[in-house]
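# Structural overview for review
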Amino acid sequence: MDLRIFTEPQQGASYDTLLTVAKATEDLGFDAFFRSDHYLHMGDADGLPGPTDAWITLAGLARETRRIRLGTLMTAATFRLPGVLAVQVAQVDRMSGGRVELGLGAGWFEAEHRAYGIPFPKEKFARLEEQLAIVTGLWRTEVGSRFDYDGKHYRIEGSPALPKPAQAKVPVLIGGHGATRTPRLAARYADEFNIPFASVADTERQFGRVRAAAEEAGRKGDDLVYSNALVVCVGRNDADVARRAAAIGREVNELKENGLAGSPAEVVEKIGRYGETGSSRIYLQLLDLHDLDHLELIASAVQSQLD
């Protein structure tokens, strides 16, 4: 089971804070550092000092880290034009030496669109599908050839389809809870399917849908990596767990039901249950980015038992 660190910087984090967490992620042996792609805080957080852009952040981290994978859960298709996104991701991939992964979703948080003047179209899913076709098509086009695309929402004419990523294929992540369109889209474009904040039972059900969709599309169900994203709150004892839960404004019992919370043994046991569904990778949503002792505990007492 791969453990990846997943951050939510819109809740309040500077680039320096993210850099500190990313370096700790690398030093402690985790597989990857991922971040959300949001411009507005949620809930009771004040969001200070303000949002950081996902791909600008990852470009900086690409030059400051050496080993860990870097990516988004999920870049919102509403935020970026597909040709521009293809250039951005390819450039960051080259800056990192080939360590980037692209999580791409439709976009859902209308308030952040209003707050920053970003159009919030009604047909978001159809736009996402066209973006996936364009981004992957641009990367796939051979050097010296041209790429064209004529869709309902986007039109590409005679693109040189440059630059190319450092990797022969940048892994594409698609995720969500949708029962029909999401599995179909994952079957066509995804290297990894991620389900966020889901129970073991819901995870197993959704993974089954994606496997079935992949086989209908002519792929093997196991061609995809299957993963979860879950909030994490681990403590050496009950007091530690309660303190960390309070720091992120959550209740211990709720976290134990809906995330990975409790003692290292409890968390390892629950990770095992997700593993039985076919999940081979978990994105640990780390909400207190200043608690590096939490990361160290997860590395020493949880990750060490999964190797």
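Our subject in this report is the structure included herewith. (Residues numbered from 1 in each chain as written. Predicted model: local features only at pLDDT ≥ 70, side-chain atom pairs only at ≥ 80, totals over all residues. Heavy atoms only, no water.)

### Observations regarding the pattern of salt bridges
- Overall, the coordinates contain 23 salt bridges when judged by the stated rule.
- D31 serves as the salt-bridge partner of R4, at 2.6 Å between the closest nitrogen and oxygen. With R4 in strand β1 (residues 2-7) and D31 in the loop between α1 (15-27) and β2 (32-35), this residue pair connects regions lying 27 residues apart in the sequence.
- On the basis of relative accessible area, R4 is assigned to the buried category, the value being 1%.
- Looking at D31, the relative accessible area reads 23%, which means it is partly exposed.
- Notably, a salt bridge pairs E110 with R114, separated by 3.8 Å at the nearest N-O pair. Taken together, the positions of E110 and R114, both in helix α4 (residues 110-115) and four residues apart, correspond to about one turn of that helix.
- The class of E110 is partly exposed, set by a relative accessible area of 39%. (Salt bridge = Lys/Arg side-chain N within 4 Å of Asp/Glu carboxyl O. Helix = DSSP H or I, 4+ residues; strand = E, 2+ residues; numbered from the N terminus. Buried < 20%, exposed > 50% of the residue type's maximum accessible area, 1.4 Å probe, protein only.)

### Structural notes on unusual backbone geometry
- In this model, L73 is joined to M74 through a cis peptide bond whose omega is -20 degrees.
- Examined against the element boundaries, M74 turns out to sit in the loop between β3 (69-72) and β4 (75-76).
- Cis rather than trans, the peptide bond between L162 and P163 has omega equal to 0 degrees.
- Unusually for a residue other than glycine, F197 sits at a positive phi of about 55 degrees.

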